[in-house]
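Close look at the chain arrangement
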Amino acid sequence: MAATRDTPTGERKCVQQAPEVAGGPAPHRGLSGAVDAPALSIPGGPRGGPGAAALVAAAPPAFDMASSGEDTSNEGDVPPAGATMAVGAHLLGFSDEILLHILSHVPSTDLVLNVRRTCRKLAVLCLDKSLTHTVLLQKDYEASEDKVKHVVKEIGREIQQLNMAGCYWLSGATIEHVARCRSLVKVNLSGCHLTSLRLSKMLSALQHLRSLAIDVSPGFDAGQLSGECKATLSRVRELKQTLYTPSYGVVPCCTSLEKLLLYFEILDRTREGAVLSGQLMVGQSNVPHYQHLRVFYARLAPGHVNQEVVRLYLAVLSDRTPENLHAFLISVPGSFAESGATKNLLDSMARKVALDALQLPKSWLNGSSLLQHMRFNNPFYFSFSRCALSGGHLIQRVINGGRDLRSLASLNLSGCVHCLSPDSLLRKAEDDIDSGILETLVASCHNLQHLNLSAAHHHSADGPGRHLCQLLARLRRLRSLALPVCAVAEAAPRPDREPAPHAVPRGCGKKVRIGVQSSPAPLAGQAAPQPSSVFWSLLKSVPFLERLELIGSSFSSAMPRNEPAIRNSLPPCSRAHSVGDAEVAAVGQLTFLRHLTLAQLPGILTGSGLVSIGLQCQQLQSLSLANLGLMGKVVYTSALSDMLKHCKRLKDLRLEQPYFSANAQFFQALSQCSALQRLCLVSRSGTLQPEAVLAFMARCLHVVVCHMFTGESLATCKSLQQSLLRRRGLLGQLCGQRDGALSLVPWEPRAPAL
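The written sequence of each chain sets the order in which its residues are numbered from 1. In keeping with the predicted nature of the model, local features appear solely for residues at pLDDT of at least 70, side-chain atom pairs appear and are counted solely at 80 or more, and the whole-chain, interface and lining totals rest on all residues. Only heavy atoms go into the side-chain values, all of them from the structure, while hydrogens and water stay out.

Counting from the N terminus, the helices are DSSP H or I runs at least four residues long and the strands are E runs at least two residues long. When helices and strands are counted, the protein chain shows 24 helices and 23 strands. Expressed as a percentage of its 754 residues, the buried residues of the protein chain come to 53%. Carbon and sulfur atoms make up 52% of the accessible area of the protein chain, which amounts to about 32300 Å² in all. Exposed residues in this analysis have more than 50% of their type's maximum accessible area, buried residues have under 20%, and partly exposed residues fall in between, with area computed by a 1.4 Å probe over protein chains only. What sets the accessible areas is the Shrake-Rupley method with a 1.4 Å probe; for residues, cover comes only from the shown protein chains.

Along the chain, Arg678 turns up in strand β19 (residues 678–682). Accessibility expressed as a relative area gives 17% for Arg678, which makes it buried. Definition of a polar contact: a pair of N or O atoms within 3.5 Å, with one able to donate and the other able to accept a hydrogen when the atoms are protein atoms, and with sequence-neighbouring residues admitted only if both atoms are side-chain atoms. At 2.3 Å, the side chain of Arg678 and the side chain of Asp652 are in polar contact. Of the polar contacts made by the side chain of Arg678, one reaches the side chain of Gln677; its length is 3.4 Å.

Looking now at the pairing of strand β10 (residues 375–383). Pairing analysis gives five bridges linking strand β9 (residues 354–359) to β10, with the strands arranged parallel. When the bridges of β10 are listed, Gln359 appears paired with Ser383. Bridging between β10 and strand β11 (residues 410–412) involves three bridges; their strand directions are parallel. Pairing of Phe382 across the sheet is with Leu411, part of β11. In short, DSSP must find at least two bridges between two strands for them to pair.

So, on to the pattern of salt bridges. The salt bridge definition used is simple: a Lys or Arg side-chain nitrogen within 4 Å of an Asp or Glu carboxyl oxygen. A full pass over the atoms with the stated rule returns 10 salt bridges. Here Lys121 ties to Asp96 by a salt bridge, and the two come within 3.8 Å at their closest N and O atoms. Placement of Lys121 in helix α5 (residues 120–125) and of Asp96 in helix α3 (residues 96–103) is noted, with a sequence separation of 25 residues between them. On the basis of relative accessible area, Lys121 is assigned to the buried category, the value being 18%. With relative accessibility at 37%, the residue Asp96 sits in the partly exposed group. For Arg678, the salt bridge identified is with Asp652, shortest N-O distance 2.3 Å. Of this pair, Arg678 sits in strand β19 while Asp652 sits in strand β17 (residues 652–656), and the two are 26 residues apart along the sequence. Considered together, Arg678 and Asp652 belong to a single accessibility category, that of buried residues. A network of salt bridges, in which partner residues are shared, links Glu176, Arg198 and Lys201.

Okay, the environment of Arg116 next. Counting through the fold element by element, Arg116 comes out in the loop between α4 (108–113) and α5. With a relative accessible area of 18%, Arg116 lands in the buried category. When the C-alpha atoms of Arg116 and Cys126 are compared, they prove to be 5.7 Å apart, with 10 residues separating the residues in sequence. Working rule for contacts: check all heavy atoms of both residues, and any pair within 4.5 Å makes them a contact. For Arg116, the residues in contact, after removing those within four places along its chain, are Asp110, Leu111, Leu122, Ala123, Cys126, Leu127 and Glu154. There is a polar contact of 3.4 Å between the side chain of Arg116 and the side chain of Glu154.

What follows concerns the nonpolar core. As used in this record, nonpolar core signifies buried Ala, Val, Leu, Ile, Met, Phe, Trp, Tyr and Cys residues forming a set joined through side-chain atoms within 4.5 Å. Ranked by internal contacts, the top residues of the largest apolar core, which has 180 residues, are Met164, Phe296, Phe384 and Leu472. Aside from chain neighbours lying at most four places away, what touches Phe384 is Leu365, Leu371, Leu389, Val398, Leu411, Asn412, Leu413, Ser414 and Cys416. In terms of nonpolar packing, the next biggest core, distinct from the first, is built from 14 residues, Leu100, Leu103, Leu122 and Leu131 among them.

Attention shifts here to the pairing of strand β8 (residues 327–331). Among the five residues of β8, five are classified as buried, and the element is accordingly described as predominantly covered. The alternating pattern of β8 places Ala327, Leu329 and Ser331 on one face and Phe328 and Ile330 on the opposite face, and all of these are buried. Orient the strands so they point away from the viewer; a crossover is then right-handed if the path from the first strand over the helix to the second runs clockwise. With helix α11 (residues 304–319) bridging strand β7 (residues 295–300) and its parallel neighbour β8, the resulting β-α-β unit is right-handed. Taken together, β8, helix α12 (residues 340–352) and β9 form a β-α-β motif whose crossover is right-handed.

Here the focus is the packing of α11 against α12. Every angle, taken between N-to-C directions, lies between 0 and 180 degrees, and every axis is a line fitted to C-alpha atoms, over only the stretch in contact when it is a helix. Between α11 and α12, the shortest axis-to-axis distance is 8 Å and the interhelical angle comes to 45°. Considered as vectors, α11 and α12 are oriented oblique to each other. The element α11 and its partner α12 pack so that their crossing is left-handed. Residue-level inspection shows Leu314, Leu317 and Ser318 of α11 in contact with α12, the latter providing Ala341, Thr342 and Leu345. Each residue receives one of three labels: charged for Asp, Glu, Lys and Arg, nonpolar for Ala, Val, Leu, Ile, Met, Phe, Trp, Tyr, Cys and Pro, and polar for the others, Gly being one of them. Looking at the contact of α11 with α12 residue by residue, the class counts come to four nonpolar, two polar and no charged. Each angle receives one of four descriptions, namely roughly parallel if under 35 degrees, roughly antiparallel if over 145, roughly perpendicular if within 65 to 115, and oblique otherwise. Crossing chirality is assigned from the near helix's rotation relative to the far helix, an anticlockwise turn below a right angle marking it left-handed and a clockwise turn marking it right-handed.

Turning to the packing of helix α20 (residues 608–616) against helix α21 (residues 637–644), a few remarks are in order. For the pair α20 and α21, the least separation of the axes is 8 Å and the interaxial angle reads 5°. On the basis of their axis angle, the class for α20 and α21 is roughly parallel. Listed contacts from α21 to Ser608, Leu610, Val611, Ile613 and Gly614 of α20 are Ala639, Leu640, Asp642 and Met643.

The next thing to look at is the packing of aromatic side chains. Ring pairs shown here join Phe, Tyr and Trp side chains whose ring centres sit within 6.5 Å, with only the six-membered ring taken for Trp; geometry is labelled stacked below 30 degrees between planes, edge-to-face above 60, and tilted in between. Inspection of every chain in the model, using the stated rule, returns 14 aromatic pairs. Taking the centre distance of 5.0 Å and the plane angle of 85° together, the rings of Tyr168 and Trp169 count as edge-to-face. Overall, Trp169 belongs to the buried group, its relative accessible area being 7%. Each ring, one from Tyr290 and one from Phe296, has its centre 6.3 Å from the other, and the planes form 80°; the classification is edge-to-face. Summarising the burial analysis for this pair, Tyr290 and Phe296 share the class buried. Three or more aromatic residues joined by ring pairs form one cluster here, namely Phe660, Phe666, Phe667 and Phe696.

To continue, consider the confidence of the model for the protein chain. Confidence scores per residue from the predictor, reported as pLDDT, run from 0 to 100. Considering every residue of the protein chain, the mean pLDDT works out to 80; 76% of them sit at 70 or more. Within the model, the stretch residues 744–754 combines pLDDT values under 50 with 38 contacts to residues more than four positions away or in other chains.

Here's what the structure looks like:
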């Protein structure tokens, strides 16, 4: 369910929790930005980062004075006594440089409409060019149409970069006000309502524009673009274009393109059931111009039409490969057959260009000698997701025998089951990795910031210093890491050793299930990590990690984004049973952690490690949990409730667990996540209590998206939807109810509560 709450008229109040500002497109799972280390040692990026709430909340009385409606414009720069911080220093006593940094964490709408009106000094600082130069409204659900118009009216002439991505609730007439920002150099309008005529009118006024992001929806007609609009497009150097219909969009008009990002989201059929075809583009006379292109990126959603359309884009590249091309990235789910045009393109690239970033469909690389002939300059990004790449090929063709690749920042080896094995033909899933290959990789790419080794069995052999976690601990610059669960397990015991203590029967002949922890369950919050475990040592070595994904090598989501759903999932790896609550508790060391994914951990007994994460990872914004513990029984409900009580900055929660009971206890704990905006619950044969849902939605006023797929009846789902519509004034539509699933998707923000 989607909704927003506007601030009541006349109220002037600085936000206590700023909405999240998402970064640019991530080519692979686990990609995240570097840790920001601003002054005052407050983590979080500008404009609504996780540090915003703490910074603004340092002096609530000073900002709340304006909420009473009292005019403070003549009070001068002397802060009131109530504005003193705990250490005795006045907030406004800081230097302008520190105050500007603090204000950079506040959303632009609040700066212009609220904070600026508190006192004379802040009125000047809030209009500083360092703050008005860039305005971020991306998914700012509290940015109503009146607020956006007011901001454009107040500081429109100063704005040079404007991000309105995902502002689907704003009307086309409001988006048209962007034309008043005559100094715009960069604008992102992805997800906004735009017709060809409105786009033409708006771009005609933006003569300084150099970067553009838009959607191309059904009905788009490039013939309606005016000459002034095409002149602006001819100067655009960076273009991000999301296609919902077969079209070249505005690419043919952008004759100076240096960076092209394409997102193909075309359905195979229209809403009326008509079959679409990429051949609709063949008759278009204008074709893209790639002579200046340096970066080409294409991400495809499932469907044959998307593949047909991207082939037409690539056909132009095969005729004349840009000499300055240094990044070529294509992300395709499933198989994507190589054609004659793509073969010519790859051959031409191997002869003419030296790449810095490469990602290709797995079918283009498997069994091919392309990597052997491809030239690389100073590579910073490699993705070989789900490719049949052996460890020998990785060392010889990519790392070039262990050469220094200090420039490489991101490496995606997700699904490369043989990448750490010298011989891919003979290796089995349960075989150990070759630690020498991983050691060479770590030594050559010691500046890696993003590493993805998920969706594969990476079992470490026994021996000192040979474990995968011990080798990865050398990568001190890591900011995001994705690993299979079995990779963090201790090495398998040798037959000549004594059996592990947990394998010995306890008590009066009581049997213990092999592979399941049998030690007494620790109390909530007391699952202390083992300092001697290799996983604990790994996380201690990378304290600035912001994103961590620990996913079972056999895990398959019941509702995947870009892959077909698999109803009968594979059982977890046998080694994954030894990864339990203590390993999860070790994650609590990551005080800068913002995004956490835990999936298919059968060794979870009580979930007590989650409490440690909630207590210590105070920067956590996104949490995804799936299939924890043995299937058929949810063992961590109580621990999860205790964890959620401490997650004050959590904005996204995704929970996928069969037989989960979304009862009053769960929703009461979840309601304490005051910053929560998005909730997704996927539970086959699960249950929910409608009264608890209603009480939760009444307390959590920032929740804008709520998807619940459970085992409840269709009648229960419809009744709950109607109750929510009546109680909260939501304007929404029931998107898809199958198997008793409740899914509310917004099409307009919620009206202000009375």
